[in-house]
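As a plain string of letters, each chain reads:
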Amino acid sequence: MAEDSCATQLIDGNGEFNAAELQKFVNTVKLHQCGLSYAVVAIVGPQSSGKSTLLNHLFRTNFREMNALNGRSQTTKGIWIAKAVGIEPFTIVIDLEGTDSRERGEDDATFEKQSALFALAVADIVLINIWCHDIGREQAANKPLLKTVFQVMMRLFSPRKTTLLFVIRDKTKTPFNILEPILREDIQKIWETVPKPQAYKDTPLSEFFHVEVVALSSYEENEKQFKVEVFQLRQKFFHSISPGGLAGDRRGVVPASGFSFSAEQIWKIIKENKDLDLPAHKVMVATVRCEEIAYEKFSRLASDKEWMALEQAVQSDAVPGFGKRISSILEKYLSEYDMESVYFEEGVRNAKREHLESKALQLVHPVYISMLGHLRSRALESFKTRLEQSLGGGEGFAASVRSCSQSSMLEFDQGSSDAAIQQASWDASKVREKLRRDIEAHASLVRSEKLSELIANYKKQISAALTEPVESLFESGGKDTWASIRRLLKRESDVAVSAFSSAIAGFELDQAIFEEMIRSLKEYSRSVVERKAREEASKVLVRMKDRFVTVFNHDKDSLPRVWTGKEDIRAITNEARSESLKLLSTMAAIRLDQKADKIENVLFSTLMDRTVAIPSQNTGIGVSGDPLVSRTWEKVPPEKTLITPVQCKSIWRQFIAETEYTVTQAISAQEAYKRRNSWLPPTWAIVAMLILGLNELMFLLRNPLYLLVLFITYLLGKAIWVQIDIPGEFGNGTLSKLSSLSTRFLPTVINLVRRLASESEESSAPMPPQWLASQSFRNQIQKSDSVASSIPDSSVSTETGVEHISPQLKHRRVTNPEQEETSCSGTHD
Ligand SMILES: Nc1nc2c(ncn2[C@@H]2O[C@H](COP(=O)(O)OP(=O)(O)OP(=O)(O)O)[C@@H](O)[C@H]2O)c(=O)[nH]1
């Protein structure tokens, strides 16, 4: 049992505080676990007055006792501490060095005072050991001791209501009820003589102390009785801190975990001879201890394995149940703090708890932010995926964005709620707001992409729908070309706008944006036409020459002209030029707005027929006599001008020069034809032949057989002539005709002979050669008709306003198949 009390020297004889030994003692006896449920008992009294003996019997401690055989010398040096054995609550026993020590000298009472003050500061119960025979004596040994106790009590600032248990040793036969009043009187006298601060001048002793008195028999003379009385006294120390107990009125208790620090600090202050402000000391102890506890809890939190694992995991991804797990870890350490600091000053305790909590949350906050970052990224990614799937499913864009956004925000809200830490009131709204902005930005990006894609597609469609038809219309340009283009543009533009409007309905765009897009699409349609018009305008000279050649070289039935000398080349030339000039007029300006202009009039009056020229004030063009000396057309803005007046003039000049050769060729062909068809010899030659050949003529008249042979020969020759159509063949060129005749002559002769043979067999009348000739001609015409009927119908829909192709153009298609593919239709006025 004695071993359990662990007697330890707290302060050595030189006044040095043994903090390490004290901590060892505290840990050994587990004092720090006691909270406030512990009592401190100290004993003061003269040296060798049996203090240690009493404590050892009373609390079953093992303080060193003096051996009686060695005489009365000092045994206890300094201050010792031990645990009372077998007493509840936990009781600390402090044995002090005796007063009036011969070893320290009569005048050296400094240590006595210091140790007395220490005892009063830390103990709830102070035993004052006095000899029975000193009671009532004027020079009693206990009087200086009591004076010291009362004086130092004044320096504690706050009365602890310490219990002073006077233990009368070696009681005599004087009854206790006589001794006690005498002792109390002595105590009162001493209290009154002690100088007190003004505040405590009239304060009664009972305000500071709870006084108890017991008397014990002599240990040496009546040990048995001594032990019985000590045993009875021991009972008083059970539940001493409970109300009604020996220390039931105690105040300002320091929690057990702060005892060692408190004792050390008190001794330090006492040694420095400073005033010992117990309330302030208590706050100081609470502050230090709470800080120590908080620091220890924070350190353990920072190195907590579960926390570190979570911190690591959150670096790479969101962790399910993050909030609960972190809250649980924090709660664990905060609860431990609460438990360990519960007995300390409340204000200090709470302040330190807040500080601990704040530090713990600071530690956790970056991880929490990372967690929210993961949740935000996840929600954003899921929004992107959902939106893609939703759009793939054909849902409207705006509706998809709304539903996907709601789902993703809900996902984030659930995640952030799961990540919320119970101890913190952190707001995820900033991260949520950032997520909302990210979602909007992504939706906006996708919207732009989708719209751009749609617009590009519709532009492509418009371009495809307009380019070739417009090109075709320009190719066969005439009076109605621009009207047809306008109708075509309107129709294709309306179709595209209607389809585009349906396609972007799901985007739920602002009306202004929607209208701007439609306007842009229409503008694009116009630009396609304008671009094509500019492209065609750059090729106008070639087109004019083609038009000229086509009209010039073909008759009204679209058959190639044969220059026989009967044609009016001047009229044909004028007609061909007129057609070409119409083409130039068509290509001179963009006429998508249906505004009237005078370009055609000016061109015709200036370039074709000056006799019907419109007066210059009507045309409004030109400042001199020539209205084409200008860079602008009247009523046509520059941006709509494709070919300026002056360019028209230049093009026309070049056109005339380059088509002149065709006209010259035609005139030459006509004269050559005339020459070829004059095959009869001159009259003088015929007269000469008649005169010179009179004898031969007479011979024939006298021999009718010769005449018959000649006649038959003539008929045969004529039949062959007609069958082969020699004049017609020679009209196409001498060389080719000779080749053709050489191949057809023999079959024709054979054919005639056969027919004559068959006719003679059938005894029919012989067929006249004229019939053969007319039959041959009909065959030829049928052949031509079959060729003409092979010309494709080049009329176009009435919507484009294009009418039937002109005969000249029709013929041109037959003779120039390459151009047939690109041409669409021809117009005429
Ligand atoms: N007369 C008398 N002597 C006692 C009594 N109790 C103990 N003693 C004797 O007193 C002597 C001193 O005993 P301690 O217990 O060491 O006394 P102490 O007061 O602790 O001594 P210090 O610590 O040195 O001041 C011993 O020889 C004891 O046997 C008692 O009740 N009466």
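Every chain begins its residue count from 1, and numbering advances along the sequence as written. pLDDT decides what is reported in this predicted model: residues at 70 or higher carry local features, side-chain atom pairs at 80 or more are listed and counted, and totals for whole chains, interfaces and linings draw on all residues regardless. Calculated side-chain values reflect all of the structure's heavy atoms, with hydrogen atoms and water omitted.

**Quick notes on the environment of Tyr706**
Secondary structure elements follow DSSP: runs of H or I of four or more residues count as helices, runs of E of two or more count as strands, with numbering from the N terminus. Tracing the sequence through the fold places Tyr706 in helix H25 (residues 704–724). The partly exposed category is assigned to Tyr706, whose relative accessible area is 48%. We call two residues in contact whenever any of their non-hydrogen atoms come within 4.5 Å of each other. In this structure, Tyr706 is in contact with Phe699 and Leu700, ignoring residues within four places of it in sequence. The buried label applies to any residue whose accessible area, calculated with a 1.4 Å probe on protein chains only, is under 20% of its type's maximum; exposed applies above 50%, and partly exposed to all values in between.

**Quick look at empty space enclosed by the protein**
Unoccupied space between atoms shows up once a probe the size of one water molecule is rolled over them. Residues are called lining when one of their atoms sits within 4 Å of a cavity or pocket point, these points coming from a 1 Å grid over the protein atoms alone, where a cavity is a set in which a 1.4 Å probe fits but cannot get out and a pocket is an open set with protein on both sides within 12 Å along at least five of seven lines. Grid points are joined across faces, edges and corners, and a volume is the space filled by probe spheres set on the points. Under the defined criterion, the tally for this structure stands at 2 cavities of 30 Å³ or more. Empty space within the second largest cavity amounts to approximately 40 Å³. Along its surface, the second largest cavity is lined by Lys297, Phe298, Leu301, Ile329, Leu330, Tyr333, Leu334, Leu356 and Ala360. When contributions to the lining of the second largest cavity are tallied by element, the ones reaching two or more residues are helix H10 (278–302), helix H12 (322–341) and helix H13 (346–392). No other element matches the 4 residues that H12 contributes to the lining of the second largest cavity. Under the grouping applied here, Gly and all other residues not named as nonpolar or charged are polar, the nonpolar ones being Ala, Val, Leu, Ile, Met, Phe, Trp, Tyr, Cys and Pro and the charged ones Asp, Glu, Lys and Arg. Residues that form the lining of the second largest cavity fall into these classes: 8 nonpolar, no polar and 1 charged.

**Here's the deal with the pattern of salt bridges**
Throughout this description, the term salt bridge denotes a Lys or Arg side-chain nitrogen within 4 Å of a carboxyl oxygen of Asp or Glu. Scanning all chains against the criterion turns up 41 salt bridges. Of the charged contacts in the structure, one is a salt bridge between Arg325 and Glu306, with a shortest N-O distance of 3.9 Å. Of this pair, Arg325 sits in helix H12 while Glu306 sits in helix H11 (residues 305–316), and the two are 19 residues apart along the sequence. The class for Glu306 is partly exposed, based on a relative accessible area of 40%. For Lys490, the salt bridge identified is with Asp494, shortest N-O distance 2.8 Å. Separated by 4 residues within a single helix, Lys490 and Asp494 lie in helix H16 (residues 481–503), roughly one turn from each other. A cluster of three or more residues bridged by salt bridges with shared partners is formed by Glu296, Lys297, Arg300, Glu336 and Glu340.

**Regarding the UniProt feature "binding site: GTP" (unreviewed entry) in the protein chain**
UniProt positions are given in the numbering used here, feature names are shortened, and annotations may be inferred rather than shown by experiment. According to UniProt, the feature "binding site: GTP" (unreviewed entry) maps to Gly45, Pro46, Gln47, Ser48, Ser49, Gly50, Lys51 and Ser52 in the numbering used here. Looking at the secondary structure, you find Ser49 in the loop between strand E2 (38–44) and helix H3 (51–59). Pairs of N or O atoms within 3.5 Å make up the polar contacts considered here, provided that, within protein, one atom can donate a hydrogen while the other can accept it, and that residues adjacent in sequence are counted only when both atoms are side-chain atoms. Of the polar contacts made by the side chain of Ser49, one reaches the backbone oxygen of Pro46; its length is 2.6 Å. If you trace the backbone, Ser52 turns up in helix H3.

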